[in-house]
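Here is what each chain is made of, one letter per residue.
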Amino acid sequence: MTWRSARAALAITSLLFGASFAGEREARAERTSLSLAPAEQRRGDDRSPALNAIFFEALGSGLLYSVSYERRLPWHDLGVRAGGSFFTYATSAYGGSGNLTLVSIPLLATWAPALSSKYPAHRANVGAGATVLWLDPPTDSRGTSYGGDRAGLGVAASAVLGYRYLPPSGGFTFALAFTPLLRASGLLPWGGVSAGIAF
Amino acid sequence: MPRPLPAIALLALLGLGALACDALADVALEAGDFAGARADVHCDRRWVDDGGAPAAFCQELIATVAAAEFSDDCRAKHMATAGPGRCPRERVIGGCRLWRDNQDDSLVFDWYYDVTALPDGGPLDAEAFDSRTDHAGLPAVCADRSRYEEGAEVVAP
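Notes on the structure follow. Owing to the predicted nature of the structure, the values given are computational and were not obtained by experimental measurement.

### Thoughts on the overall build of chain A
Then step 1. The number of helices and strands found in chain A is 3 helices and 10 strands.
Then step 2. In chain A, which comprises 199 residues, the share counted as buried stands at 37%.
Then step 3. For chain A, the share of sequence-separated contacts (at least 6 apart) that also reach a separation of at least 24 residues comes to 53%.
Then step 4. With an accessible surface of roughly 10700 Å², chain A has 66% of that area assigned to carbon and sulfur atoms.

In structure tokens form, the structure reads like this:
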């Protein structure tokens, strides 16, 4: 790895996780002082949502459910989210038959601008990304597998559009969103509701 | 002491609960369909293990989430031959599409065969098979409510 790429990786890491090295910090301070008066700076800080969130989503981008971690980025109300879910179910009551198993991994870039400067906890909930799906089809008692054409590993394009409650000081957060999923085989008009903790 | 819920409210709650269960089942089926959980499966009643009674038809389920259970049922209840995919179409006369409302919205067909010969043309003892029919007799078989309670319609292969 060259020095330049190492520096770029460090810069991305620092932006993602809040730490910044001297040059970046100075540049940010300069940008802030140019755009905001001191009082507005404080209000601007208040408007920034908590940087981390862990939440459970029923249905949504994880298809049936998902538990996700989201990291807010320190600029433009952007964030990145990664989650996962595991579901297994016996479709045959006969001994020796194998369960249907579904694993999903939603990976999304999110944008949550405040809907009003007066109430910064109320935000739009916009996102786009992909949901990795893996379906292991069920088997009968002789081990014959019964799965559709889409069984196995697949990727669905995923979008999010809805409302989000995300208090700047952290604490309880929830969201309600339209979360369509798209595969080559078709579109799934889907929705989700989530609740969790921001910190 | 809390007042007991009036019976009507309790019934309403039960009704809502049942509706919620149905809705959840529908949602799970939609999700399973999107992920690829639906499959086709057939139970060929012509070819049975020892103790089974051969019949001149094959039943297929299209786009079901219960394919594994259907396959196991086929062997356990009829000692017949189950497998993934649709019924074979060689030597088929025609079929009955059952008007059965399956919970997973899968379609059910019974395909009837000419059992006077094997699929490769070899000799076969037709008398050994139950439910034998021919082109002319198929509409009556499909319309037989003692056989298909919910009704069925004739379909071409």
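### A few points about the state of the cysteines
Residue and element names in this part refer to chain B.
Then step 1. For the structure shown, the criterion picks out 3 disulfides over all chains.
Then step 2. The disulfide bridge from Cys96 ends at Cys142, spanning 2.0 Å between sulfur atoms. Because the sign of the S-S torsion sets the handedness, a value of about -85° for the bond joining Cys96 and Cys142 places this disulfide among the left-handed ones. A residue pair is termed long-range when its members are at least 10 positions apart, and Cys96 in strand 4 (residues 92–98) and Cys142 in helix 3 (residues 138–143) qualify at 46 residues. Each member of the pair Cys96 and Cys142 is classed as buried.
Then step 3. Sequence-ordered numbering of the bonded cysteines in chain B gives a pairing of 1-3, 2-4, 5-6.

### Description of helix 2 (residues 67–78) of chain B
Residues and elements named next belong to chain B.
Then step 1. Its 12 residues place the ends of helix 2 16 Å apart at the C-alpha level, agreeing with the 16 Å of an ideal helix rising 1.5 Å per residue.
Then step 2. For helix 2, the full list of buried residues reads Ala67, Ala68, Phe70, Ser71, Asp72, Cys74 and Arg75.
Then step 3. Those residues of helix 2 that are buried are in contact with strand 1 (39–44), strand 2 (57–64) and strand 3 (81–84).
Then step 4. Immediately downstream of helix 2, the backbone of Met79 shows phi near 55°, a positive value.

### Notes on the nonpolar core
Then step 1. The biggest cluster of nonpolar side chains holds 22 residues, and the ones touching the most others in it are Tyr146 of chain A together with Val41, Cys96, Tyr112 and Tyr148 of chain B.
Then step 2. Per-element tally for this core: the top contributor is helix 2 of chain B, with 4 residues.
Then step 3. Not counting the four nearest positions on each side in its chain, Tyr146 of chain A is found in contact with Pro137, Pro138 and Asp140 of chain A together with Ala39, Asp40, Val41, Ala67, Ala68, Ser71, Ala82, Gly83 and Pro84 of chain B.
Then step 4. Membership of the second largest hydrophobic core comes to 14 residues, among which are Leu63, Leu135 and Trp190 of chain A together with Ala37 of chain B.

What counts, and at which threshold
- Residues numbered from 1 in each chain as written.
- Chains lettered and ligands numbered in written order.
- Predicted model: local features only at pLDDT ≥ 70, side-chain atom pairs only at ≥ 80, totals over all residues.
- Heavy atoms only, no water.
- Helix = DSSP H or I, 4+ residues; strand = E, 2+ residues; numbered from the N terminus.
- Buried < 20%, exposed > 50% of the residue type's maximum accessible area, 1.4 Å probe, protein only.
- Contact = heavy atoms within 4.5 Å.
- Areas by Shrake-Rupley, 256 points an atom, 1.4 Å probe, with all protein chains shown as cover.
- Disulfide = S-S within 2.5 Å.
- Expected span 1.5 Å × (residues − 1).
- Core = buried A, V, L, I, M, F, W, Y, C linked by side-chain atoms within 4.5 Å.

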